[in-house]
Amino acid sequence: MTHEILTIPCLRDNYAYVLHADGETIVVDVPEAGPVESVLDARGWRLGTILLTHHHDDHTAGVERLRTRFGSRVVGAAADLHRLPHVDVAVSDGDCVGSGLLAARVIDVPGHTRGHIAYHFAELRALFSADSLMLLGCGRLFEGTPEEMWASLRRLSALPPETQIYSGHEYTASNLRFALSVDPDNPALRARGRDIEAARAAGRPTVPASLALELATNPFLRPQDEALRHSLDLPFAFDAEVFAELRRRKDAF
């Protein structure tokens, strides 16, 4: 069976993702409706389901327009019903939505917001992590604690290494600059940096990337690494403390 996952630039640096398989079409997050509609219209696809990761407007602003036009069902976190747009299906950690290739498991990933969720499509080897795990980074802690975000990232890190990570923004180049400042001697990171620079120079998205690559290069997934700990002058700290220091430095970078 075949499928497509389309990366759709929205706003200044957001992404929406359209998935199509078995005659069904879904979208993960809708920062704005127009770019998503253009993709759907060009392919003659009817949007059946909208999956929302969290309540921030730059991930939900286009929901009502698409829902009204296509009659799409909207899926969102039960914990965030009070601040999400119209939700038809409320989900919690461990719930499954969809079927066949488009079956996804819901994973609670608090940290960026309290009610943030991610969607893991095991058959597609794809994770839609929005503003939790981001390529070479993680989301700002607007509502959660460092301990909560670190626990969320540990859960995502345990997924199969071939999983492709689809995050919510094109932040990889800026995240690269910070990563190199704290992990300058990582050869995998330097090599990835060259690939990122080439992709952006050509106008290509850097998203997705494999979890295996993230585990080798994303400092926020590597607080146990000795070289990184020494760079931060935290050789004997707990992993969560190293993560918290990384997040503090990134906020001030």
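Residues numbered from 1 in each chain as written. Predicted model: local features only at pLDDT ≥ 70, side-chain atom pairs only at ≥ 80, totals over all residues. Heavy atoms only, no water.

## Quick word on the overall build of the protein chain
How we decide: Helix numbering and strand numbering both begin at the N terminus, where a helix is a DSSP run of H or I of at least 4 residues and a strand a DSSP run of E of at least 2. Using C-alpha atoms as the atom set, the radius of gyration is obtained and then compared with a globule rule of 2.2 Å times the number of residues to the power 0.38. Accessibility throughout is a Shrake-Rupley quantity obtained with a 1.4 Å probe, and a residue counts as covered only by protein chains that appear here. Charge assignment in this entry is limited to Lys and Arg as positive and Asp and Glu as negative, and neither His nor the chain termini are counted. Every charge is mapped to an atom, namely NZ of Lys, CZ of Arg, CG of Asp or CD of Glu.
Regarding its fold elements, the protein chain presents nine helices and 14 strands. Taken over the C-alpha trace, the protein chain has a radius of gyration of 18 Å; the compact-globule value for 253 residues is 18 Å, and the two agree within 12%. Its C-alpha atoms put the protein chain at 55 × 40 × 30 Å along the principal axes. When the accessible area of the protein chain is evaluated, it comes to approximately 10,800 Å², of which 50% is carbon and sulfur surface. Looking at charge distribution, the protein chain has the averaged site of its 26 positive side-chain charges lying 3 Å from that of its 35 negative ones.

## A word on helix α5 (residues 172–182)
Filter applied, for reference: Between buried and exposed lies partly exposed: a residue is buried under 20% and exposed over 50% of the maximum accessible area for its type, with that area taken using a 1.4 Å probe on protein chains only. By the convention used here, residues are in contact when the closest approach between their heavy atoms is within 4.5 Å.
Looking only at α5, the buried set comprises Thr 172, Asn 175, Leu 176, Phe 178, Ala 179 and Val 182. Of the surrounding secondary structure, the elements contacted by the buried residues of α5 are β11 (133–134), β12 (137–138), α6 (187–201), α8 (226–231) and α9 (239–252).

## Topic: unusual backbone geometry
Here the bond from Val 207 into Pro 208 is cis, since omega is 5°, no more than 30 degrees from zero. Positioned with a positive phi, Asp 22 is a non-glycine residue whose angle comes to about 55°. Tracing the sequence through the fold places Asp 22 in the loop between β2 (14–21) and β3 (24–28). The phi torsion at Arg 125 lies on the positive side, around 55°, for a residue other than glycine. Tracing the chain through its elements places Arg 125 in the loop between β9 (117–121) and β10 (126–130).

## Side note on the pattern of salt bridges
In plain terms, the rule: By salt bridge we mean one thing: a side-chain nitrogen of Lys or Arg within 4 Å of a carboxyl oxygen of Asp or Glu.
A full pass over the atoms with the stated rule returns 18 salt bridges. The residue Arg 248 makes a salt bridge to Glu 245 at a minimum N-O spacing of 2.7 Å. Highlighted residues: Arg 248 and Glu 245, both in helix α9, separated by three residues, approximately one helical turn. The network of salt bridges with shared partners includes Glu 37, Asp 41, Arg 65 and Arg 69.

## Focus: α9
Note the threshold: Given a helix with a known number of residues, its expected span is that number minus one, times 1.5 Å.
The terminal C-alpha atoms of α9 lie 20 Å apart, and with 14 residues this matches the ideal 20 Å at 1.5 Å per residue to within 8%. All of the buried residues in α9 are Val 242, Phe 243, Glu 245, Leu 246, Arg 247 and Lys 250. Each element contacted by the buried residues of α9 is listed here: β12, α4 (146–157), α5 and α8.

## Brief notes about the sheet that holds β2
Spelled out, the test is: Between any two strands, at least two bridges found by DSSP are needed for them to pair. For helices, the fitted line uses only the C-alpha atoms of the stretch in contact; every axis is such a line through C-alpha atoms, and the angle between N-to-C directions lies from 0 to 180 degrees.
Overall, mixed pairing links the six strands, which are arranged β1-β2-β3-β4-β5-β6 in an open sheet. Both edges of this open sheet fall to β1 (3–10) and β6 (89–91), since each of them pairs with a single strand only. The mean angle between the axes of side-by-side strands here comes to 20°, regardless of whether they run parallel or antiparallel. Bridge count between β2 and β3: five bridges; the pairing is antiparallel. Counted as the bridge partner of Tyr 17 is Val 28 from β3. In this fold helix α1 (residues 33–43) packs onto β1, β2 and β3, with an angle of close to 145° to the strand it touches most, β1.

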